[in-house]
Structures are given as structure tokens and as C-alpha cells.
There are 2 protein chains.
Amino acid sequence: MKDSLHLSEQVCFPVYVLAKEIINQYRPLLEELELTYPQYLVMLVLWEHEEQTVNQLGEKLKLDSGTLTPLLKRMEVKEFVTRNRSKIDERLVHIALTQKGKALKEKATCIPTQLMESMNLSSDDLLNLKNIITKILKK
Amino acid sequence: MKDSLHLSEQVCFPVYVLAKEIINQYRPLLEELELTYPQYLVMLVLWEHEEQTVNQLGEKLKLDSGTLTPLLKRMEVKEFVTRNRSKIDERLVHIALTQKGKALKEKATCIPTQLMESMNLSSDDLLNLKNIITKILKK
DNA sequence: CGAAATTAAATTGTACACAATTTAATTTAA
DNA sequence: TTAAATTAAATTGTGTACAATTTAATTTCG
């Protein structure tokens, strides 16, 4: 029987390396916006939805409050978002964009293109990759 | 012009989610071996090579000494590896398997299969995914 | 040779990521 | 209706990641 305990046999390892590589490619681009990659993901959601609870963000980004709470506090310090406990249901905390946060979208418009270039990806590969992963994650 | 600042448009986000999902699927399997996923990767390398410097591990796993040094110290505490500074070149630290570390390979043999099952992946999807990523990372 | 450059690990500091627990508020069901 | 169950955030603790710096050893070169 074949021994599959070899790094070269692993499928998961390339995924793990690629994910890190992508974040590393984003880093210099996002540095100019004073954002980390997870913080950028939060901004993507808020640029679409304006206001979200911590849980809603967590569901969309697959992150729990243990990760999001301190992350959002850092974004609050940078004045990109506000954090307000709901009056109607005090368990909820609403995260909303500040003016500064909204304005940041302008500076971010070029990032997707820049990233594509810096990773040197064809849109074919990209679409292909996205389709497989989406298929796998859907299960 | 199309606005690509939408989470659903992102290619990188699914990669990021998949990588986390894979590690989460590994977690309960690796817990029985008292290993984290990055520690498991170190073991994969050492099961193949017996002895490696910190740098050699770092090149294979794409991790730097800032990550590896504390990680390897934890593995040393668990008595899976030894850390010994080279006599010939005292800048190098050799990482080697202990008997306990070698023995752990037995318990790990079933992990690749178990993971495939827990992620519910067809070998087609898997191979496809691996090929695309390898192609992308090669650039 | 011996100073300068390079290399390898370790260290320091910041920021995730997640399990497990805690706290507080809201639902639910007896 | 109020005690039990559930829910939402926050907290605590462990373990990556990685940039930047430091320390010490080895090479390289003038």
C-alpha cells in the first residue's frame, strides 16, 4: 500500500501555502490603507452593507467573536468603523463605517487589479481555481 | 467599469476560507497525536528526512525562524524532536526525530484517508485543485 | 590577515485564529 | 410568569505568522 505521508503528496499543503502567499501579496498593497487582510475583508462586507452585527460579519467571513472583537476594536481605534451596542437587543453590537471608512473605498478600487498583476495570474486560472474551491466548500 | 470590491468577486477569499477549513478538519485528527497542523507538517518533513536544519524546514514549509523556533521548542517539550546546535557550523540548529517522534508515524498513517473522508472530497477534485495551485505557485 | 558582508537562529512586537469559558440579555416553555 | 435554555459578545489562553531587529558565527575580499 502506498504511503501518503509525504509532503509532496499532500493536497492541503499547497492550499495552505497559497493562502499565505496571497495574504503576503496583499500586504504591501493594504499597508497603504492601514489595513491587514482580515480587516480588508471586513471593509469589503461593510462597503456592501453599511452596517453589520459582529455575528453577521462572522458568518460571512467565517470568523468568530474571539477573532473579530479585538480586530474590530483595532479598526475602531483607526476610526474606520464604529461599534455600538443595539438599543433593541443589547446582546448585539452594530459595526458601521465612519466617513473615513467610507472614503477608504476610493483608495481600494485599484487593489483587485494590482493583486492580479502582482500574482501574475491569468483570469482563466483564477476562475478555474475559484470554481473548484467553491464546489469543495459547498459540500 | 465593473466594481470588483465585492466579497463574492474575490478569488482570494475562497482560498483563505478553504485553507482554514482544511486546518479545522485536521484539528480533531491531529489532536490525538498532540500535534497542530504546522507541527504535523514538520513531522511530515522529518519522517522523510530524519534530520533538518531550521532553515531547511523553513524552505520546505515556507515558514521563517520567527515561526519555527518557538514551534520547534514546543515540539521538543513534547519530546517529538531534538534541537542541537551543529558542532561544525554553530549558526545551524539540527532538528531530529526522537524515538517517540519516529513512532508517531504509525499513528499518523490513517490521517490522509480520514481527512479525505471528513472533507468529502473526490480524488478528481483534489487532483484538479492541486494541479491549479501548483501551477499558480510555480510562477 | 582582518574588517566588512553575509548567514542562521533567536528575539521582540503586532495581529490573527480558534477552543473554551464567561457575562449579560433575550426566548422558551413548563 | 419565571426558571431554564439559548444567543451574542467578550474574555482567556494557546499557537501560529511575519516584519524587524539582534546576536553570534562564518565567508568574502581588499
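In this text the structure is predicted, and so the values were computed from the model without any measurement.

The rules behind each value
Residues numbered from 1 in each chain as written. Chains lettered and ligands numbered in written order. Predicted model: local features only at pLDDT ≥ 70, side-chain atom pairs only at ≥ 80, totals over all residues. Heavy atoms only, no water. Helix = DSSP H or I, 4+ residues; strand = E, 2+ residues; numbered from the N terminus. Rg over C-alpha atoms; globule rule 2.2 N^0.38 Å. Buried < 20%, exposed > 50% of the residue type's maximum accessible area, 1.4 Å probe, protein only. Contact = heavy atoms within 4.5 Å. Areas by Shrake-Rupley, 256 points an atom, 1.4 Å probe, with all protein chains shown as cover. Polar contact = N/O pair within 3.5 Å; in protein donor to acceptor, adjacent residues only side chain to side chain. Core = buried A, V, L, I, M, F, W, Y, C linked by side-chain atoms within 4.5 Å. Pairing = 2+ DSSP bridges. Axes fitted to C-alpha atoms, helices over the stretch in contact; angles between N-to-C directions. Near = heavy atom within 4 Å. Buried area = accessible area lost by both parts, 1.4 Å probe. Salt bridge = Lys/Arg side-chain N within 4 Å of Asp/Glu carboxyl O.

Another point: the overall build of chain A. Check the secondary structure of chain A and you find 7 helices and 3 strands. When the elements of chain A are put in sequence order from the N terminus, they spell out α-α-β-α-α-β-β-α-α-α. Here chain A has a C-alpha radius of gyration of 18 Å; the compact-globule value for 139 residues is 14 Å, and the former is much larger. Out of the 139 residues belonging to chain A, those deemed buried represent 44%. Partitioning the intrachain contacts of chain A with sequence separation of at least 6 by distance along the chain shows that 51% fall at a separation of at least 24. As displayed, chain A has an accessible area near 7700 Å², and 51% of this comes from carbon and sulfur atoms.

By secondary structure assignment, the location of D125 of chain A is in helix α7 (residues 123-138). A polar atom in the side chain of D125 of chain A sits 3.0 Å from the side chain of K135 of chain B.

Our focus in this paragraph is the nonpolar core. Residues Y40 and L129 of chain A together with Y40 and L129 of chain B are the most contacted members of the largest nonpolar core, which totals 98 residues. When near neighbours in sequence (up to four residues on either side) are disregarded, Y40 of chain B contacts L5 and Q10 of chain A together with Y26, L30, L35, W47, I111 and P112 of chain B.

On to the sheet that holds strand β3 (residues 93-97) of chain B. Residue and element names in this part refer to chain B. Sheet architecture is open: 3 strands sit in the order β1-β3-β2, paired in antiparallel fashion. A strand with exactly one partner marks an edge of an open sheet, and here the two such strands are β1 (51-53) and β2 (81-85). The mean angle between the axes of side-by-side strands here comes to 25 degrees, regardless of whether they run parallel or antiparallel. Here helix α2 (residues 37-49) sits on the sheet and contacts β1, β2 and β3; the angle it forms with β1, its principal contact strand, is near 125 degrees. The sheet contacts of helix α4 (residues 65-77) involve β2 and β3, and relative to β2 the element is tilted by about 125 degrees.

Turning next to the protein's contact with DNA strand C. If you check the shell around DNA strand C, you find 30 residues, and the closest are T36 of chain A together with Y16, S65, T69 and R83 of chain B. When atoms of DNA strand C within 4 Å of the protein are sorted by moiety, sugar and phosphate together comprise 80%. The backbone of G66 of chain A places a nitrogen or oxygen atom 3.4 Å from a base nitrogen of DNA strand C. Contacts to DNA strand C include E90 of chain A, whose backbone N or O atom sits 3.1 Å from a phosphate oxygen.

To continue, consider the interface of chain A and chain B. How big an interface is tends to be stated in terms of the accessible area lost upon association of its parts. Taken together, the 54 residues of chain A in the interface contact 54 residues of chain B. Of all residues in chain A, the largest losses of buried area upon contact with chain B belong to L5, Y16 and I136 of chain A, amounting jointly to 14% of the total for that side. Summed over the shared surface of chain A and chain B, the result is 2 salt bridges. The partner of D125 of chain B in a salt bridge is K135 of chain A, and the shortest N-O contact between them spans 2.9 Å. Breaking the side of chain A that touches chain B down by element, the ones donating at least two residues are α1 (12-31), α2 (37-49), α3 (54-61), α5 (99-108), α6 (111-119) and α7 of chain A.

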